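Chain by chain, the residues:
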Amino acid sequence: MGDFMYIGRFLVVGKTKEGKPFVCYRVSSRSFPNREAKIIDENTIAIIPKDPNEVFKNPYITYNCIKIVNDIVVATNGSHTDFIAEKLAFNYPKRDVLIYQLITLDYEKDAYNTPRIGVILDKEECYMGYVKDDELRVKKVELKEGKGYYLSTYECCAISEEQVIDIGGETPEEICEYILNYKEFEHPVTCATAVIDKDEIKIATL
Ligand SMILES: NC(=O)c1ncn([C@@H]2O[C@H](COP(=O)(O)O)[C@@H](O)[C@H]2O)c1NC=O
């Protein structure tokens, strides 16, 4: 890996140094940088263009990126967030929900065949998954304190022990700041984080 690279949108899932599970979603974008992560309600964070006309220019740039269903957090790079959350609300198994919704919506039909990526996390377990034009994968992963596994749309669309970074921060605000300013990954736009702190799920955006 070079010093700087463009990896598109990415998820980072891990545990803080004190052991709190978290997931962070960062929008990096060359084409639509004029966007923000917005807290819609206590269970929902959306990615929204600042100019409402942009919403209609591309079907993949406006969506809920984080949803909380009871004690489970879903984080993704597209509209599949909502469909995963719906099934989880009916107690479907996490692994199956991620597989079904990734294959159903499939990769994005844009100029890049942009993959869909997703994470389902609660205080006990974590699943990561993605669908590309030539691959589908869902895997349960063990999280380690102070480490974050990343999964991106471009270059690093894989679930791998090698795609790991050190994590700074304990609160969702601090993790947003840390990941948005993570310089190695270019074109930062906005960020959303959920941290599981005992029986509470805390969220923040930047
Ligand atoms: N989720 C997003 O925020 C998002 N932003 C851009 N895309 C797609 O990715 C394409 C490339 O975008 P960019 O050049 O900003 O990396 C866009 O034309 C769009 O089809 C997205 N789709 C998936 O990541």
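About the thresholds
Residues numbered from 1 in each chain as written. Predicted model: local features only at pLDDT ≥ 70, side-chain atom pairs only at ≥ 80, totals over all residues. Near = placed C-beta within 6 Å. Nonpolar A, V, L, I, M, F, W, Y, C, P; charged D, E, K, R; others polar. Pairing = 2+ DSSP bridges. Helix = DSSP H or I, 4+ residues; strand = E, 2+ residues; numbered from the N terminus. Axes fitted to C-alpha atoms, helices over the stretch in contact; angles between N-to-C directions. Contact = placed C-beta atoms within 7 Å.

(A) Representation of the site of the ligand within the structure. Among the 18 residues in the neighbourhood of the ligand, the closest are listed as Ser29, Arg30, Ser31, Tyr60 and Asp110. When grouped by side-chain class, the residues that make up the shell around the ligand number six nonpolar, eight polar and four charged.

(B) How the structure looks around the sheet that holds strand 4 (residues 44-49). Pairing in this open sheet of seven strands is antiparallel, and the strands run 3-4-5-6-7-8-9 from one edge to the other. Two strands in the sheet have a free side with no partner beyond their single neighbour: strand 3 (35-41) and strand 9 (136-141). Averaged over all pairs of adjacent strands, the angle between strand axes in this sheet comes to 15 degrees, irrespective of strand direction. Bridge analysis of strand 4 against strand 5 (residues 63-69) gives four bridges, and the strand direction is antiparallel. Bridging from a neighbouring strand, isoleucine 47 pairs with tyrosine 63 of strand 5. Docked against the sheet, helix 1 (residues 80-89) engages strand 5, strand 6 (72-76) and strand 7 (116-121), running at close to 15 degrees with respect to strand 5. In the packing of helix 2 (residues 94-105) onto the sheet, the strands contacted are strand 7, strand 8 (126-131) and strand 9, and the crossing angle to strand 8 comes to about 15 degrees.

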